[in-house]
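# Analysis of the macromolecular model
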Amino acid sequence: MYTIHKTYESSFRERGSKFLGYLFPAESEEEFQEQLNQLKSKYPDATHHCWAWRLNPAQPKEFSSDDGEPSGSAGLPILNQLKSYEVVNVGVVVVRYYGGTKLGKSGLIEAYGRGTQLCLESARLVTIWPVKIFEICYPYPQENTIQKLKNDFDLSVIDSDYLQDIRLRVACALDKADAFEQNLSGLEHLHISYEFIEESFI
């Protein structure tokens, strides 16, 4: 799965109608709605603001709207492009200015899909990895032991606290997490303790 970190735009004309596509990051329905409202304010005289979003890589949730276009001719082709590119935590709004010539349902499906695809083709897609998050607590003399684990299991440090002991919050790729946990559990005699926090994505 993939996501994006910035907004991408597209623009083209189809038989007189103008289509403006906007692909942007959104980690919640509220974030998406905020972007949609901004685009509606920016283009208040547009004929349609059709859209779709996909959220939550752990259990993808998705929704789309035709905003007055014939059912299934706008929101669904937008959403299908998002699914085809396997992107999550994103939203797309395709704004249409009607140009006087009806496109028909198949023409609309093609145009709204194209508005989305052009954005996705120009986007820098960032891979999302499924991980397990662990918290590790250890005394300072064991820094090298933990460093070796970090290297062996390609851990990402999410947070750290250097107090009386060191407390690290790390992300481990899902396919390496069981072996990593086995290694950790064998280090208790060195006063290294750990706690599994949650499954997540980075």
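Residues numbered from 1 in each chain as written. Predicted model: local features only at pLDDT ≥ 70, side-chain atom pairs only at ≥ 80, totals over all residues. Heavy atoms only, no water.

## Thoughts on the sheet that holds strand β11 (residues 193–201)
Strand order in the open sheet formed by 4 strands is β9-β10-β8-β11, with antiparallel pairing between adjacent strands. Edge positions in the sheet fall to β9 (156–162) and β11, since each of these pairs with one other strand and no more. Across this sheet, the average inter-strand angle for adjacent strands is 15°, counted without regard to direction. Summarising the sheet, strand β8 (residues 130–138) and β11 pair through 8 bridges and their orientation is antiparallel. The residue of β11 that forms the bridge with P130 is F201. Its contacts with the sheet place helix α5 (residues 174–185) against β8, β10 (166–173) and β11, and it is angled at close to 20° to β8. (Pairing = 2+ DSSP bridges. Helix = DSSP H or I, 4+ residues; strand = E, 2+ residues; numbered from the N terminus. Axes fitted to C-alpha atoms, helices over the stretch in contact; angles between N-to-C directions. Contact = heavy atoms within 4.5 Å.)

## Notes on the sheet that holds strand β2 (residues 8–14)
One key point about sheets: their strands pair by backbone hydrogen bonds, in either a parallel or an antiparallel sense. Read from one edge to the other, the open sheet built from 5 strands follows the order β2-β3-β6-β4-β5, with strand pairing classed as antiparallel. For this open sheet the edge positions go to β2 and β5 (61–65), each flanked by a neighbour on one side alone. For this sheet, the mean angle separating the axes of adjacent strands, direction not counted, is 10°. Strand direction decides the pairing type here: strand β4 (residues 48–55) and strand β6 (residues 90–97), joined by 7 bridges, are antiparallel. By the bridge assignment, W51 is partnered in β6 with V93. Across the sheet, helix α1 (residues 29–42) is in contact with β3 (17–25), β4, β5 and β6; its angle to β4 comes to roughly 160°. Relative to β4, helix α2 (residues 75–84) is tilted by about 35°, and along the sheet it contacts β3, β4, β5 and β6.

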